[in-house]
Amino acid sequence: ARSLHYLEDMWQPLHTRAFFPRQLAQAGFNPETLRTRAANTHHYYEAWVAHQLAKQQRSGAGNWVQAIREADVGTIRSVKDATKALATYSYKNSSALLEANLAYWPKRVTRSEAIGPIDSRLLDPPKPPEGWEKLNRLTANALHVTAKGAKGFLAYAYRDAIAEPRPRDPDAGWGGVTDLD
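Below: a short report on this structure. Every value quoted in this text rests on a predicted model; they were computed, and no experiment measured them.

Each pair of packed helices can be described by the angle between their axes along with the distance between the axes. Interhelical geometry of helix 3 (residues 31–59) versus helix 5 (residues 79–104) gives an angle of 90° and a closest axis separation of 11 Å. In terms of axis orientation, helix 3 runs roughly perpendicular to helix 5. In this structure, helix 3 contributes T41, Y45 and W48 to the contact, and helix 5 contributes L97, N101, L102 and Y104. Of the residues that constitute the contact of helix 3 with helix 5, the class distribution is five nonpolar, two polar and no charged.

So this is what it looks like as structure tokens:
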């Protein structure tokens, strides 16, 4: 389970790019301030995703739940190639997701000087603030790709451990990942 969690994290774009270089200047070239601001944005985003996903799961509907349910089993032929493909996907999408997060969250989150507790009122505002649609769409895509990959890795692990004889050379295995997007 822990290994699958780390693999799932690879699909999350904010795990491959925590900040833009321009944010270093905004933080006064202070690495600790930058780390704090990046951590706050990241923690708020993850709390928002968990809150919104739980809400959709309770109702049994929503575009994130649908994105996860509709994800096919990704074709994983080699852990090495799949890992490279996941990193490429995440990095390719990191700028858009980071921009959407910076636009969505209030300045008290993105410009805070200290890591603080999550203000739950910000996770489900009565009226979605500007940038909600874009952040929602990008998150739905990331959840879809994560679900597809997680299902693929589970199928790969099943094949590798139970159903098929193990190849002598692990990298010669089943090839690469070709159908993530």
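Right, picking up where we left off after that structure.
With that out of the way, let us pick up helix 3. Its 29 residues place the ends of helix 3 42 Å apart at the C-alpha level, agreeing with the 42 Å of an ideal helix rising 1.5 Å per residue. Capping the start of helix 3 is the job of one residue whose side-chain oxygen sits 2.8 Å from the backbone nitrogen of E32: N30.

What the rule picks out here adds up to three salt bridges. For the salt bridge of D119 with R121, the shortest nitrogen-to-oxygen distance reads 2.8 Å.

Basis of the calculations
Once a new chain begins, its residue numbering starts again from 1 and follows that chain's sequence as written. Given that this is a predicted model, residues contribute local features only at a pLDDT of at least 70 and side-chain atom pairs are listed and counted only at 80 or more, while totals for whole chains, interfaces and linings are drawn from all residues. Each side-chain value is worked out from all heavy atoms of the structure, with water and hydrogens disregarded. Every angle, taken between N-to-C directions, lies between 0 and 180 degrees, and every axis is a line fitted to C-alpha atoms, over only the stretch in contact when it is a helix. Secondary structure elements follow DSSP: runs of H or I no shorter than four residues count as helices, runs of E no shorter than two count as strands, and numbering proceeds from the N terminus. In these notes the angle categories are as follows: under 35 degrees is roughly parallel, over 145 is roughly antiparallel, 65 to 115 is roughly perpendicular, and the rest is oblique. It only takes one pair of heavy atoms within 4.5 Å for two residues to be counted as in contact. Nonpolar residues are Ala, Val, Leu, Ile, Met, Phe, Trp, Tyr, Cys and Pro. Charged residues are Asp, Glu, Lys and Arg, and all others, Gly as well, are polar. For a helix, the expected span equals 1.5 Å multiplied by the residue count minus one. Polar contact criterion, stated in full: a pair of N or O atoms within 3.5 Å, where within protein one must be able to donate a hydrogen and the other to accept it, and residues adjacent in sequence count only if both atoms are side-chain atoms. A pairing counts as a salt bridge when a side-chain nitrogen of Lys or Arg comes within 4 Å of a carboxyl oxygen of Asp or Glu.

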